[in-house]
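Tertiary structure, described
Residues per chain, in single letters:
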Amino acid sequence: MPGSGVIWASLPIPALVLDPQDRITAINPAAELFLNRTLKSLAGDLVYDRLAIDAPVEDALERVRKNRSPIFVNDVDVGTGERAPVQCNIQIAPISMDTDRVLFLISPREIAGRLGRSMSADKAAKSAIGMAEMLAHEIKNPLAGISGAAQLLSMNLPKQDLELTDLIVEETRRIVKLLDQVEQFGNLRPPQLKPVNIHDLLDRARKSAVMGYAAHMKIVEDYDPSLPPTYGDGDQLLQVFLNLLKNAAQASGGAPGTIRIHTFYEPSLRVRRKGDTAARVPLQVEIIDDGPGLPPEISDDIFEPFVSGHENGTGLGLALVSKIIADHKGWITVDSVPGRTVFRISLAVAPKDTHPNENEET
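Fair warning: this is a prediction, and the values are worked out from it, not measured in the lab.

What follows covers the sheet that holds strand 15 (residues 340–347). What the five strands build is an open sheet, ordered 8-10-13-15-14; its pairing is mixed. Each edge of the sheet is formed by a strand with only one pairing partner; in this case those strands are strand 8 (217–222) and strand 14 (331–337). Direction aside, neighbouring strands of the sheet carry axes that sit 15° apart on average. Judged from the seven bridges that link them, strand 10 (residues 257–265) and strand 13 (residues 283–289) form a sheet pairing that is antiparallel. When the bridges of strand 13 are listed, H262 appears paired with E286.

Here it is as structure tokens:
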């Protein structure tokens, strides 16, 4: 790869270049270590013969070449035949728009995998706070250097090499954006509680959704107009509703569908947390979509960091939603089958002395 050897060698994760027949034509030093092989011993080999991947990689490669867009395959076991499989994220991306060569990146995910499998939502969120600090210092700075080096090299590269430097810059920016999302766990302030009208927040979230990511969806409102206000932070609860609507819209895969927003009062529902007495959470908000449903293997862990039901998802949006609701002493659940997924939020009523002019519950 003329002119781009420094960047190629500096990539901290295993990277391979595959020809149109899925044969290995180049690997970086990190890939040599991962595979315990040199390029000379691998050149011309099918990637499937050298990597044991617990995922339909052939289909993914075909889709990348057909659509000319990258694909992420998260949380799969990758082995080499000589080492035990490790959990990884895989990214496959076209090198340019006029060739069927692809870039194949392997990101080992041992730490994230253990987080997703073994921690409760609260403990995982706390761990993510500490992880965010580490990521900011240990990853962002090298990424900035790699991106800057790629931009400098692009000034003197021939046109056929610009696609690679552009890809490096684009992907480093994507990773930085992901790290920014992780840092939200650490930057999220305690909720500033006051009486909040749930329907006002839902209307704001709905209007934002239909103007953007949910433009292809029909959103149906099914509100109980008699609901009293909840006791919460309006900005944070708005973020929750926006995230859930975005999740519901993405579930359709771009096809038209319907999202139903349902609110109702359930006086018998109580939540008991360790060390606390049972608290009433009678205000119910349901975000219901008619998409394909959550994959069964992740449905129990969907609120954990780095667990996602979307192919290119980060697995952070629902984890942040869970943390915000927990900070509000509320509860969130999900019930999913093909054709119907329901995210249900349960919240407390604002204390009577905080909204004396509102219709009080009896």
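Don't stop here, the text continues.
Where helix 10 (residues 198–210) meets helix 11 (residues 234–250), the closest approach of the two axes is 9 Å, and the angle between their N-to-C directions is 45°. Taken together, the axis directions place helix 10 and helix 11 in an arrangement best described as oblique. Handedness of the helix 10/helix 11 crossing: right-handed. Contacts between helix 10 and helix 11 pair I198, L201, L202, R204, A205, R206, S208 and A209 from the former with G234, L237, L238, F241, L242 and L245 from the latter. Class assignment for the residues of the contact of helix 10 with helix 11 results in 10 nonpolar, two polar and two charged.

To continue, consider the nonpolar core. Among the nonpolar cores identified, the biggest contains 37 residues, and V240, F241, L244, I259, I287, I325 and I345 are the most heavily contacted of them. For this core, the secondary structure elements donating two or more residues are helix 10, strand 8, helix 11, strand 10, strand 13, helix 12 (317–327) and strand 15. For this core, the element with the highest residue contribution is helix 11, accounting for eight residues. Not counting residues up to four positions away in its chain, the partners in contact with L244 are I287, L318, V321, F343 and I345.

Another point: the confidence of the model for the chain. Averaged over every residue, the pLDDT of the chain is 79; residues scoring 70 or more account for 76%. Scored below 50 in pLDDT, residues 110–121 makes 20 contacts in the model with residues more than four places away or belonging to other chains. In the predicted structure, residues 356–362 sits below a pLDDT of 50 and forms eight contacts with residues beyond four places in sequence or in another chain.

Moving on, we come to the environment of L244. Note on placement: L244 falls in helix 11. By relative accessible area, L244 is classed as buried at 1%. Counting along the chain gives 99 residues from L244 to F343, while the straight-line C-alpha distance between them is 7.6 Å.

Right, let's talk about unusual backbone geometry for a bit. The phi dihedral of R68 falls on the positive side, at around 55°, and the residue is not glycine. Despite not being glycine, K329 shows a phi value in the positive range, around 60°. In this structure, K329 sits in the loop between helix 12 and strand 14.

Mapped onto the secondary structure, I95 falls in the loop between strand 5 (86–94) and strand 6 (102–108). Taking the C-alpha atoms as reference, I95 lies 7.5 Å from L167; in sequence the two are 72 residues apart. Every residue in contact with I95, bar those within four places of it in the chain, is listed here: V17, R101, V102, L103 and E163.

Turning to the pattern of salt bridges, a few remarks are in order. The full count for this structure, using the stated rule, is six salt bridges. Ionic pairing is found between D45 and R50, a salt bridge with its closest N-O pair at 2.9 Å. Residue D45 is classed as partly exposed on the basis of its relative accessible area of 21%. The partner of E221 in a salt bridge is R206, with the nearest N and O atoms 2.5 Å apart. You can see E221 sitting in strand 8 and its partner R206 sitting in helix 10, a full 15 residues away along the chain.

Across seven bridges, the pairing between strand 14 and strand 15 is antiparallel. Paired with V337 across the strands is R340, a residue of strand 15.

Our next topic: helix 12. Extensive coverage of helix 12 is indicated by the burial of nine of its 11 residues. All of the buried residues in helix 12 are L318, A319, L320, V321, S322, K323, I324, I325 and A326. Looking one or two residues beyond helix 12, the residue adopting positive phi is K329, at roughly 60°.

Burial of strand 1 (residues 15–18) is two-sided: the residues A15 and V17 facing one way and the residues L16 and L18 facing the other way are all buried. As paired elements, strand 1 and strand 2 (residues 24–27) share three bridges and run antiparallel to each other. Within strand 2, the residue paired with L16 across the bridge is I27.

Analysis parameters
- Residues numbered from 1 in each chain as written.
- Predicted model: local features only at pLDDT ≥ 70, side-chain atom pairs only at ≥ 80, totals over all residues.
- Heavy atoms only, no water.
- Pairing = 2+ DSSP bridges.
- Helix = DSSP H or I, 4+ residues; strand = E, 2+ residues; numbered from the N terminus.
- Axes fitted to C-alpha atoms, helices over the stretch in contact; angles between N-to-C directions.
- Parallel < 35°, antiparallel > 145°, perpendicular 65-115°, else oblique.
- Left-handed = near helix turned anticlockwise from the far one by under 90°.
- Contact = heavy atoms within 4.5 Å.
- Nonpolar A, V, L, I, M, F, W, Y, C, P; charged D, E, K, R; others polar.
- Core = buried A, V, L, I, M, F, W, Y, C linked by side-chain atoms within 4.5 Å.
- Buried < 20%, exposed > 50% of the residue type's maximum accessible area, 1.4 Å probe, protein only.
- pLDDT = per-residue confidence, 0-100.
- Salt bridge = Lys/Arg side-chain N within 4 Å of Asp/Glu carboxyl O.

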